[in-house]
Number of protein chains: 2
Amino acid sequence: MTRNDANPDDDLARHAQKMAKKKAARDRMMENKTGEKGLVIVHTGPGKGKSSSGFGMIMRCIAHGMPSAVVQFIKGAWDTGERRLLTTHFEDLCQFHAMGEGFTWETQDKSRDIAAAQAGWAKAQDLIRDPKIRMVLLDEINIAFRYGYLDVAEVLAFLADEKPPMTHVVLTGRGAPEALVEAADLVTEMTQVKHPFRAGIKAQAGVEF
Amino acid sequence: MTRNDANPDDDLARHAQKMAKKKAARDRMMENKTGEKGLVIVHTGPGKGKSSSGFGMIMRCIAHGMPSAVVQFIKGAWDTGERRLLTTHFEDLCQFHAMGEGFTWETQDKSRDIAAAQAGWAKAQDLIRDPKIRMVLLDEINIAFRYGYLDVAEVLAFLADEKPPMTHVVLTGRGAPEALVEAADLVTEMTQVKHPFRAGIKAQAGVEF
């Protein structure tokens, strides 16, 4: 029999066979993935999507009726879309705490920045300790680590000792400390390939806030 | 005068000075970023967060009262959190179309996969053409490019010719074609640093769906 690549029926049959094999391999692979666990999740790197995918996961929790909470370590009273949506539609399922005072170059006040970060972490500890809350998003907490406003060893010790086993904690911000990456279950680095700021485009509603 | 690093007041003053300089530099940098534009946004790479940050942006649009739409190219009738939230809470602000039939190794039927991708793209064209819709998320469309089910040149020509200037289009999925990366305004690659599947943990509500 001559193999005839031009025959579309043969092509379809080969595809079906290949995919059946792929499915069998995949089923074998997934067979052992049966565990459930509250994860320590890190979104870092200079690219976009660290906070927005954190908020995407919070929205998934809300959809599944899982209580969740957000602590923002940098953003303060800014009227972002995520803040508006969570506080006006889903107050009963998601607590929202904007504990930041703005970027360090906005406040220009190190003691105030440190006090804000510490207050944010105190609030975060209460939320994480509450076993009813299934996901806590610590938005931009890596920035507080980077400036030395929070001690990563203290935060990791708390997560190891006091996080309820089924609670997910999501930590975002560029420059995640090595010890955090080491301790986390799921780490994604957002790499910037191309950004429109370079082309003179400003931050826009829907995209950045 | 001897510089005394141990004096906390000096440290705070130096910090304030440094941050004032940083703010001035930043203000100069942001001065030229005044443009607004509907962006072609790509989330690619093997890491997590491509779809969830797409949904995070859709949620931001909803919060700002900007009509938006989602076309899913792979996922079909699956009851994901994003689908449930959008169709039960925000039907008036966000159209949701799950046009996929499942992963290629699930369907094992190339003609059906091609038909589904083409139908998804037809729906996407209608949505993008509608100038009232401010953001269209084409979830996992890169997978359809990778299998050759959609022609990237055709999609790029359509975006160049027919996308209203203020409409954002977000294309997700690993392995974005080079021509798409070239043409896009904002490209982020999600790099996988660590994933709990490797530790035997399955896909979990809130995190993956």
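Predicted model only: the values in this text are computed from it and were never measured.

Draft legend 1. Representation of the overall build of chain A within the structure. Looking only at helices and strands, chain A has 8 helices and 6 strands in total. Traced from its N-terminal end to its C-terminal end, chain A shows the element sequence α-β-α-β-α-β-α-α-β-α-α-β-α-β. For 209 residues, the compact-globule estimate of 2.2 N^0.38 gives 17 Å, and chain A exceeds it by more than 25% at 22 Å. By principal-axis analysis of the C-alpha atoms, chain A measures approximately 80 × 45 × 35 Å. Residue burial in chain A is summarised as follows: out of 209 residues, 51% are buried. For chain A, long-range pairs separated by at least 24 residues make up 80% of all intrachain contacts whose partners lie at least 6 apart in sequence. Here chain A has roughly 9400 Å² of accessible surface; of this, 51% comes from carbon and sulfur atoms. Taken together, the 28 basic and 28 acidic charged side chains of chain A have centroids lying 6 Å from each other.

Draft legend 2. Spotlight on the pattern of salt bridges. In total, this model carries 16 salt bridges over all chains according to the counting rule given. A salt bridge links aspartate 130 of chain A to lysine 132 of chain A, with the shortest nitrogen-to-oxygen separation between them at 3.5 Å. Exposure remark for lysine 132 of chain A: the relative accessible area of 60% places this residue in the exposed category. For arginine 129 of chain B, the salt bridge identified is with glutamate 162 of chain B, shortest N-O distance 2.6 Å.

Draft legend 3. A look at the interface of chain A and chain B. Between chain A and chain B, the contact holds 78 residues from the first and 78 residues from the second. Where chain A abuts chain B, roughly 6800 Å² becomes buried across the two surfaces, and 61% of that area is made up of carbon and sulfur atoms. At the boundary of chain A and chain B, one finds 6 salt bridges. One salt bridge connects lysine 23 of chain B with glutamate 106 of chain A, and the closest N-O pair in it is separated by 3.5 Å. Summed over the shared surface of chain A and chain B, the result is 31 residue pairs in polar contact (both at pLDDT 80 or more). Contributing elements (two or more residues each) for the side of chain A that touches chain B: helix H1 (8-31), helix H2 (50-63), helix H3 (81-89), helix H4 (104-107), helix H5 (110-129), helix H8 (178-183) and strand S6 (186-194) of chain A.

Draft legend 4. Here's a closer look at the environment of aspartate 27 of chain A. Its place among the elements puts aspartate 27 of chain A in helix H1. In this structure the C-alpha to C-alpha distance between aspartate 27 of chain A and glutamate 162 of chain A, which are 135 residues apart in sequence, comes to 35 Å.

Draft legend 5. Spotlight on helix H5 (residues 110-129) of chain B. In this model, H5 of chain B (20 residues) spans 29 Å end to end at C-alpha, consistent with the 28 Å of a helix rising 1.5 Å per residue. Its side-chain oxygen at 3.2 Å from the backbone nitrogen of serine 111 of chain B, aspartate 109 of chain B defines the N-terminal cap of H5 of chain B.

Draft legend 6. Quick look at unusual backbone geometry. For glutamine 108 of chain A, which is not a glycine, the phi torsion comes out positive at approximately 55°. The phi dihedral of glutamate 140 of chain B is positive, around 70°, even though this residue is not glycine. Relative to the elements of secondary structure, glutamate 140 of chain B occurs in the loop between strand S4 (135-139) and helix H6 (141-146).

Draft legend 7. Examining the relation of the copies chain A and chain B more closely. Laying chain A over chain B is done by rotating through 180° and shifting 0.0 Å along the axis; what remains is an RMSD of 0.0 Å. What we have between these two chains is a two-fold relation. Taking C-alpha positions as the reference, the residue of chain A nearest the rotation axis is serine 53 of chain A, at 1.8 Å. A share of 100% of the interface residues of chain A reappears at the interface of chain B, consistent with the copies meeting face to face through the same patch.

Draft legend 8. How the structure looks around the UniProt feature "domain: Cob(I)alamin adenosyltransferase N-terminal" (unreviewed entry) in chain A. As annotated in UniProt, the feature "domain: Cob(I)alamin adenosyltransferase N-terminal" (unreviewed entry) corresponds to residues 9-30 of chain A in the numbering used here. In this annotation, residues 9-30 of chain A is assigned 100% helix and 0% strand; the end-to-end C-alpha distance for the span is 31 Å.

Draft legend 9. Geometry of the nonpolar core. Counting 44 residues, the largest nonpolar core has Leu86 of chain A together with Leu86 of chain B as its most contacted members. Breaking this core down by element, the ones donating at least two residues are H2, H3, strand S3 (94-98) and strand S4 (135-139) of chain A together with helix H2 (50-63), helix H3 (81-89), strand S3 (94-98) and S4 of chain B. Leucine 86 of chain A has contacts with Phe55, Ile58, Met59, Ile62, Val70, Glu91, Cys94 and Phe96 of chain A, leaving out every residue within four places of it along the chain.

Draft legend 10. Quick look at H3 of chain B. Regarding H3 of chain B, the residues found buried are Gly81, Glu82, Leu85 and Leu86 of chain B. Along the long axis of H3 of chain B, the arc covered by the buried residues comes to 120°, so they all point the same way. Buried-residue contacts for H3 of chain B involve H2 of chain A together with H2, strand S2 (68-72) and S3 of chain B.

Draft legend 11. Region of the structure containing the sheet that holds strand S6 (residues 186-194) of chain B. Taken in spatial order, the 12 strands line up as S3(A)-S2(A)-S4(A)-S5(A)-S1(A)-S6(A)-S6(B)-S1(B)-S5(B)-S4(B)-S2(B)-S3(B) in an open sheet, and their pairing is mixed. Looking at the sheet topology across the chains shown, the edges are occupied by S3 of chain A together with S3 of chain B. Averaged over neighbouring strand pairs, the angle between their axes works out to 15° when direction is ignored. Bridge analysis of strand S1 (residues 40-44) of chain A against strand S5 (residues 168-172) of chain A gives 4 bridges, and the strand direction is parallel. Counted as the bridge partner of isoleucine 41 of chain A is valine 170 of chain A from S5 of chain A. Contacting S2 and S3 of chain B, H3 of chain B runs over the sheet at an angle of about 135° to S3 of chain B.

What counts, and at which threshold
Residues numbered from 1 in each chain as written. Chains lettered and ligands numbered in written order. Predicted model: local features only at pLDDT ≥ 70, side-chain atom pairs only at ≥ 80, totals over all residues. Heavy atoms only, no water. Helix = DSSP H or I, 4+ residues; strand = E, 2+ residues; numbered from the N terminus. Rg over C-alpha atoms; globule rule 2.2 N^0.38 Å. Buried < 20%, exposed > 50% of the residue type's maximum accessible area, 1.4 Å probe, protein only. Contact = heavy atoms within 4.5 Å. Areas by Shrake-Rupley, 256 points an atom, 1.4 Å probe, with all protein chains shown as cover. Lys, Arg positive; Asp, Glu negative; His and termini not counted. Charge placed at Lys NZ, Arg CZ, Asp CG, Glu CD. Salt bridge = Lys/Arg side-chain N within 4 Å of Asp/Glu carboxyl O. Buried area = accessible area lost by both parts, 1.4 Å probe. Polar contact = N/O pair within 3.5 Å; in protein donor to acceptor, adjacent residues only side chain to side chain. Expected span 1.5 Å × (residues − 1). Least-squares fit on C-alpha atoms with pLDDT ≥ 70 in both. UniProt positions renumbered as here; feature names shortened; annotations may be inferred. Core = buried A, V, L, I, M, F, W, Y, C linked by side-chain atoms within 4.5 Å. Arc of directions from axis to C-beta. Pairing = 2+ DSSP bridges. Axes fitted to C-alpha atoms, helices over the stretch in contact; angles between N-to-C directions.

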